[in-house]
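Fold and geometry: a report
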Amino acid sequence: MGLCKCPKRKVTNLFCFEHRVNVCEHCLVSNHNKCIVQSYLQWLQDSDYNPNCSLCNSPLIAQDTVRLICYDVFHWSCLNNLAARLPLHTAPAGYQCPTCQGPVFPPSNLASPVADVLKEQLSSVNWARAGLGLPL
């Protein structure tokens, strides 16, 4: 656990591997949207990180990104292409994080800055609208 350096001064266990600082979810979406962020404990266990998209292996800073609620981050175009290749009638639970197999769609009752940004990004593509409970 650590204290985020932003004006909100929130206690957090999230740690930006690139900048080596504690971050809260508000900072995560505003200042660290292309950074590898996991728990501080994960950083202590493995301080090596790969600043590339795990789907295409090019730098995350090269394109727009999307962060899932598991905090894994990908190029938006890579995740969108991966999801678009799934069968048309794939159930929402079939859309999973390519890294940890966590859900792509945040629960409807989850209130967090990361979930809000993710819902906004997902609402712009047809394959995700049903998973968010939006009309096609």
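Anything mentioned here points back to the structure above.
Residues numbered from 1 in each chain as written. Predicted model: local features only at pLDDT ≥ 70, side-chain atom pairs only at ≥ 80, totals over all residues. Heavy atoms only, no water.

**Topic: the sheet that holds strand β4 (residues 21-22)**
The condition that has to hold: The pairing criterion is simple: DSSP has to find at least two bridges between the two strands. Runs of E in the DSSP output that reach at least two residues are strands. Runs of H or I that reach at least four are helices, and both are numbered from the N terminus.
Here we have three strands laid out as an open sheet, ordered β4-β3-β5, and antiparallel in their pairing. The sheet is open, and its two edges are formed by β4 and β5 (37-39), each paired on a single side. Relative to β4, strand β3 (residues 14-16) runs antiparallel, the two sharing two bridges. Paired with C16 across the bridge in β4 is V21.

**Regarding the environment of Q96**
Selection rule: Whether two residues touch is decided by their heavy atoms; if any such pair falls within 4.5 Å, the residues are in contact.
Structurally, Q96 can be placed in the loop between α3 (76-84) and α4 (113-122). The spatial distance from the C-alpha of Q96 to the C-alpha of S30 is 24 Å, given a sequence separation of 66 residues. Residues in contact with Q96, not counting those within four places in the same chain, are Q101, G102 and V104.

**Side note on the side chain of S112**
What counts here: Partly exposed residues are those whose accessible area sits between 20% and 50% of the maximum for their type, while under 20% is buried and over 50% is exposed, using a 1.4 Å probe and protein chains only. Here a polar contact is taken to be a pair of N or O atoms separated by no more than 3.5 Å, where protein atoms must pair a possible hydrogen donor with a possible acceptor and residues adjacent in sequence count only if both atoms sit in side chains.
By the secondary structure assignment, S112 is in the loop between α3 and α4. Using a relative accessible area of 9% as the deciding quantity, one classes S112 as buried. Within polar-contact distance, the side chain of S112 engages the side chain of E25 at 3.1 Å.

**Some thoughts on the environment of L88**
Its place among the elements puts L88 in the loop between α3 and α4. On the basis of relative accessibility, which here comes to 82%, the residue L88 falls in the exposed class. Linking L88 and D46, residues 42 residues apart in sequence, is a C-alpha distance of 38 Å.

**Section: the nonpolar core**
The line we're drawing: Buried Ala, Val, Leu, Ile, Met, Phe, Trp, Tyr and Cys residues form a nonpolar core when they are joined through side-chain atoms within 4.5 Å.
Within the largest apolar cluster, 23 residues are counted, with the highest numbers of intra-cluster contacts made by L68, F74, L122 and W127. Looking at this core, the elements with two or more residues in it are β7 (73-75), α3, α4 and α5 (126-129). If near-sequence neighbours (up to four positions away) are discounted, L122 is found in contact with W76, V104, F105, P106, W127, A128, R129 and L132. Grouped together as the second largest cluster of nonpolar side chains are twelve residues, C24, L28, Y71 and V114 included.

None of the figures reported here should be taken as evidence of function without further support.
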